[in-house]
Every structure is written in structure tokens, then in C-alpha cells.
Amino acid sequence: MRVVSVVGARPQFVKLAPVSEAMAILGVDHVIVNTGQHYDPALSSVFFDGLSIPPADVDLGVGSGSHGEQTGEMLAKLEAALGELAPDWVLLYGDTNSTLAGAVAAVKMHLPVAHVEAGLRSRNRRMPEEHNRVLTDHAADLLLAPTELAVANLAAEGLGDRTVNTGDVMVDVCLRVRDRVLANPAPRLTEEEYVLATVHRAENTDDPERLDAVIEGLASIDAPVILLAHPRLIQRAKDGGVSLERPGLQVRTPLGYRETVQAVMEAQGVVTDSGGLQKECFILGTPAVTVRTETEWVETLAGGWNILCPELAGIGELAVRPRPEALHTAPFGEGDAATRVVTTLMEWQR
Ligand code: UD1
């Protein structure tokens, strides 16, 4: 069985790590196609190296652009690459423009498509990711859902007969890396108690007024804040004339995966608009504040572990609130999702 994984953005490299390992263990002919959506080493090669992912077999080198330019160029290049590779499955991950381009290219070529992290819904149609997920799910032949709620979302859209709950592959990699950190921690980011922050979503970065309010909210937190700045944030702040230099705010470059996991484990709290980080906080037991009106990872809200704070009201105290009571639940699975992804692909191969 030949599987082509299409990846391109930072969170997809993280999800690829456990899947690519399971493919190797189970003897699958696994080909990695990297669209090049993320090209800065801090968003790309640092994950391949740090998570021991084999180098991509095909690099499309697409890079940044408007949604149409970026997705269109990926589509044209993927069509050529997939034609040559003739896979039994095209495996897509998450909700980025690389995911959507892979779905559209593959279905038009009658290649079977499977979607890892299928069934997530924010119901916010202003998010590019929501369109990418919904369109990919409806194009795919096999929906690899990470949670029971995702399964229910897909069933409600008439897609139940092609859905399998595999658990979340991000749990696999997160737990493994957590154990490595516990066994051999690197020096802390800072000796002080700190709050870790990331902001990169279009809804928070593209309008200068909104971005200014978000940064001001971070600066109001009652603890030093370490802001791991995604290049999009830096770019939009520069374009919009929004200064990131505020008292109490330390702006740093993004970290690799292991370093991020350790930084989350050691933080007093995390403020973010990233889907992956909300989940990592939940798994690692760090309280999170999400700067969005909704989350597709609603399970993280249980017990107050994640709190939505779109208007930033009271964020100063929320970000340093005490840890809620432990839940002893595993809504995202137990850390065996990647193996289940690969065995499901084998079982469903036509
Ligand atoms: C993309 C995904 C988002 C995901 C995020 C993870 C889409 C629509 N969005 O957002 O779902 O959560 O990745 O990080 O696919 N840039 C660089 N260097 C890079 C990549 C980007 O400087 O290596 C800058 C460029 O100014 C670029 C901007 O970031 O225009 C946005 O990049 P883009 O790939 O469009 O989306 P992300 O914001 O990274």
C-alpha cells in the first residue's frame, strides 16, 4: 500500500511525526509531499529534525500568498506530483490551505482521500480553516475523526458511514515528548513564573485595531508574558504599525516542538489562539485562555481548563488563575491514534 501524506504547515509536521513512524513500523510505502506553505526553518525544518521525520520526498516550494494564489499554485503542483506517485491513499491533515489543495487535487484524479483530524467544527464561517475542514471532509472517502464529538459532527452532515474514530495523533506525539522532557529537561525559558502566549490567527492579527487590543491584553497580565511570535504576527504588526514592545511582554522567536512542550509544562498559564496549543495545555495540565469567540476543541473547556476570552476582559487575572481540578478523562484518546490511522487505511483500502 502506498500512502502519500500532503503536509505544508507547522501543525501538520507535528501530526505527521507519529503517523510517519507508524507507517514505517507497519511496512507501508509512505511518501511525504511538502507543499512549502511554511518555509521558515523555525516553522518547518526544526520540526522535521526535532521529531525525526524523514525528509520530504517531494518539495513543492509554494510559500506564502493570498488564499487563491497559494491554494491555486499548490493545486497545480500537487496534480502533477500525485499523477506520478499514483498512491492508494492521499492522506491529508487538519485544516490549512495545504489540506484543501490536497483534497481538491486528489478527488478530481479519482484518488482515494483520507482526512486526519476530520469532523472538527468551529461554526465560524469567517475562519479560512472552517472552510478548509468542511470542504475537505465532504471530498474525502475516509474520515479519521479524533473525538466522539467529531464523529457526531460528521454523522450530522451525513458522513457517518465513512467515519472512524482513531483518537487524536497529536496526543501520541505530545505524550511521548512530555516523557522525554520529564526524563531530561532543558533549562527553563526564565527562572520567574511566566505566562506563555501565541497569536497568529487572521481574526486577531489582520486588523491593526484588533491586534493592538490583543497585545494590550497580553501586556495587562499579572505576570511576565513570553510571546512566541509567529512570522505572520510580526509581519501584520509591522504592516499595521502596531508595536509589540510593551512593558512585561518578552517577544521571542517560535520554538521547536520539544521546547514548546516544556515551555507549556512550566508555564503558569497559556494565552493562545492556536487549536493545537489549547489541546496541548489540556493534555499537559496547564490552564489556557483562548482569544477567540469559539473553539472547535470544545472538550478542552471542561472543568475550566480552557476559557474563551475573545474580548480580553479580565484576561490579566484569567491567565494566572489557579489550576482547576484534575479531570481524569481522555477525550482525545490514549496516545495510540497514529497506529489506528494506519491500520484503518489498510482495512479500508479498495
Ligand atoms: C497557517 C494555517 C493555520 C495554521 C497555521 C499554523 C491556513 C489558511 N492557515 O496559518 O490554520 O494554524 O498555519 O502556523 O492555511 N510566513 C512567514 N514564513 C513562513 C510562513 C508564513 O513569514 O514560513 C508569514 C508570511 O507573511 C505569510 C503569513 O505568515 O503571508 C501567513 O502564512 P500562511 O501560510 O498564509 O498562514 P498562517 O498564518 O501561517
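The notes below deal with the structure included here. From a predicted model like this one, the values you see are computed outputs, not experimental measurements.

1. Some remarks on the overall build of the chain
- A count of helical and extended segments in the chain gives 14 helices and 13 strands.
- Taking 2.2 N^0.38 as the reference for a compact globule, 350 residues should give roughly 20 Å; the C-alpha atoms of the chain span a radius of gyration of 19 Å, in line with that estimate.
- Seen through its principal axes, the chain has C-alpha atoms that stretch 55 × 45 × 40 Å.
- Per-residue burial over the chain gives 55% buried out of 350 residues.
- Restricting to contacts in the chain with at least 6 residues of sequence separation, those with at least 24 account for 69%.
- Taken as a whole, the chain presents about 14200 Å² of accessible surface, with 53% of it coming from carbon and sulfur.
- Distance between charge centres in the chain, computed from 29 positive and 48 negative side chains, equals 1 Å.

2. Regarding the site of the ligand
- Near the ligand lie 20 residues; those nearest to it are Gln37, His38, Tyr39, Asn97 and Glu129.
- Tyr39 is positioned such that a nitrogen or oxygen atom in its backbone is 2.9 Å from an oxygen atom of the ligand.
- Within the backbone of Asp40, a nitrogen or oxygen atom sits 2.9 Å from an oxygen atom of the ligand.
- Contact with the protein chains hides 90% of the accessible area of the ligand, taken as 740 Å² for the molecule alone.
- Residue assignment for the shell around the ligand shows that the elements contributing at least two residues are helix H1 (10–25), helix H3 (67–85) and helix H10 (231–240).
- Considering each element in turn, the shell around the ligand owes the most residues, three residues, to H10.
- Looking at the shell around the ligand, its residues break down into four nonpolar, ten polar and six charged.

3. A look at the side chain of Arg292
- Tracing the chain through its elements places Arg292 in the loop between strand S12 (288–290) and strand S13 (306–308).
- Residue Arg292 is classed as buried on the basis of its relative accessible area, which comes to 4%.
- With residues near it in sequence (within four places) discarded, Arg292 still touches Ser122, Met127, Arg201, Asp273, Gln278, Leu308, Cys309 and Pro310.

4. Examining the state of the cysteines
- Under the counting rule described, the total for this entry stands at zero disulfides.
- Here Cys174 stays free of any disulfide, with the sulfur of Cys281 as its closest cysteine sulfur at 9.2 Å.
- No disulfide involves Cys309; its sulfur sits 15 Å from that of Cys281, the nearest cysteine.

5. Brief notes about the environment of Ala330
- Mapped onto the fold, Ala330 is located in the loop between helix H13 (315–318) and helix H14 (337–348).
- Distance in space between the C-alpha atoms of Ala330 and Ala197 is 25 Å, their sequence separation being 133 residues.

6. Concerning the sheet that holds strand S5 (residues 113–116)
- Pairing in this open sheet of seven strands is parallel, and the strands run S3-S2-S1-S4-S5-S6-S7 from one edge to the other. The sheet is open, and its two borders are formed by strand S3 (58–59) and strand S7 (163–165), each paired with just one other strand.
- Examined bridge by bridge, strand S1 (residues 2–7) and strand S2 (residues 29–34) share six bridges and lie parallel to one another. Across the sheet, Ser5 pairs through a bridge with Ile32, a residue of S2.
- Lying on the sheet, helix H4 (residues 97–108) is in contact with S1, strand S4 (89–93) and S5; it crosses S4 at an angle near 160°.

Here is what the cut-offs are and how they apply
- Residues numbered from 1 in each chain as written.
- Predicted model: local features only at pLDDT ≥ 70, side-chain atom pairs only at ≥ 80, totals over all residues.
- Heavy atoms only, no water.
- Helix = DSSP H or I, 4+ residues; strand = E, 2+ residues; numbered from the N terminus.
- Rg over C-alpha atoms; globule rule 2.2 N^0.38 Å.
- Buried < 20%, exposed > 50% of the residue type's maximum accessible area, 1.4 Å probe, protein only.
- Contact = heavy atoms within 4.5 Å.
- Areas by Shrake-Rupley, 256 points an atom, 1.4 Å probe, with all protein chains shown as cover.
- Lys, Arg positive; Asp, Glu negative; His and termini not counted.
- Charge placed at Lys NZ, Arg CZ, Asp CG, Glu CD.
- Near = heavy atom within 4 Å.
- Polar contact = N/O pair within 3.5 Å; in protein donor to acceptor, adjacent residues only side chain to side chain.
- Nonpolar A, V, L, I, M, F, W, Y, C, P; charged D, E, K, R; others polar.
- Disulfide = S-S within 2.5 Å.
- Pairing = 2+ DSSP bridges.
- Axes fitted to C-alpha atoms, helices over the stretch in contact; angles between N-to-C directions.

All we've got here are geometric facts, nothing functional implied.
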